[in-house]
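For reference, the chains in residue letters:
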Amino acid sequence: MERKISELAPYRPQGHSVIIEGKRHVVISGVTEVDSFRDEEAVIMTQAGELSIFGNDLHLTRLNPDDGQVIIDGDIIAMEYAPPVEERRGLFSKAKR
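Residues numbered from 1 in each chain as written. Predicted model: local features only at pLDDT ≥ 70, side-chain atom pairs only at ≥ 80, totals over all residues. Heavy atoms only, no water.

### Some points on the environment of T32
Positionally, T32 belongs in strand β3 (residues 31–37). Along the sequence, T32 and Q69 sit 37 residues apart, while their C-alpha atoms lie 8.8 Å from each other. Setting aside anything within four residues of it in sequence, one finds T32 in contact with M45, T46 and Q47. (Helix = DSSP H or I, 4+ residues; strand = E, 2+ residues; numbered from the N terminus. Contact = heavy atoms within 4.5 Å.)

In structure tokens form, the structure reads like this:
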């Protein structure tokens, strides 16, 4: 059974999800912050970490901070999650043990 994005709109998933339609439309949930946005790259902080979206003629179609959803339209070329940043173990983190 194939579902269209309009059918999924009322559904608000817990956590983070990415739905891509035809390399031209992407819906991202679980967004905590839009770090930067340009025509060729968007850097978005999600509950799963930093997500970079690369493409051409990217447009931020919708930004809804209330439900943590972002919609981007344009020619999507690639998406990439940044590797997790390891916690730094300094003098103070050792003192808390």
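### A closer look at the pattern of salt bridges
The full count for this structure, using the stated rule, is 1 salt bridge. When the shortest N-O distance is used, the salt bridge between E41 and R38 registers 2.8 Å. Judged by relative accessible area, E41 falls into the buried class, the value being 19%. (Salt bridge = Lys/Arg side-chain N within 4 Å of Asp/Glu carboxyl O. Buried < 20%, exposed > 50% of the residue type's maximum accessible area, 1.4 Å probe, protein only.)

### Considerations on the confidence of the model for the protein chain
Low-confidence regions, as indicated by low pLDDT, have predicted coordinates that should not be scrutinised in detail. Chain-level statistics for the protein chain give a pLDDT mean of 82 and a share of 72% at 70 or above. Considering only residues more than four positions removed or in separate chains, one finds that residues 8–13, a stretch of pLDDT under 50, has 4 contacts. (pLDDT = per-residue confidence, 0-100.)

### Some details on the sheet that holds strand β5 (residues 49–64)
What the 6 strands build is an open sheet, ordered β1-β2-β6-β5-β4-β3; its pairing is antiparallel. Two strands close off the open sheet at either side, each with one partner strand: β1 (17–21) and β3. Direction aside, neighbouring strands of the sheet carry axes that sit 45° apart on average. Here 5 bridges tie β3 to strand β4 (residues 41–46), and the two strands are oriented antiparallel to one another. If you follow S36 over to β4, its bridge partner there is V43. (Pairing = 2+ DSSP bridges. Axes fitted to C-alpha atoms, helices over the stretch in contact; angles between N-to-C directions.)

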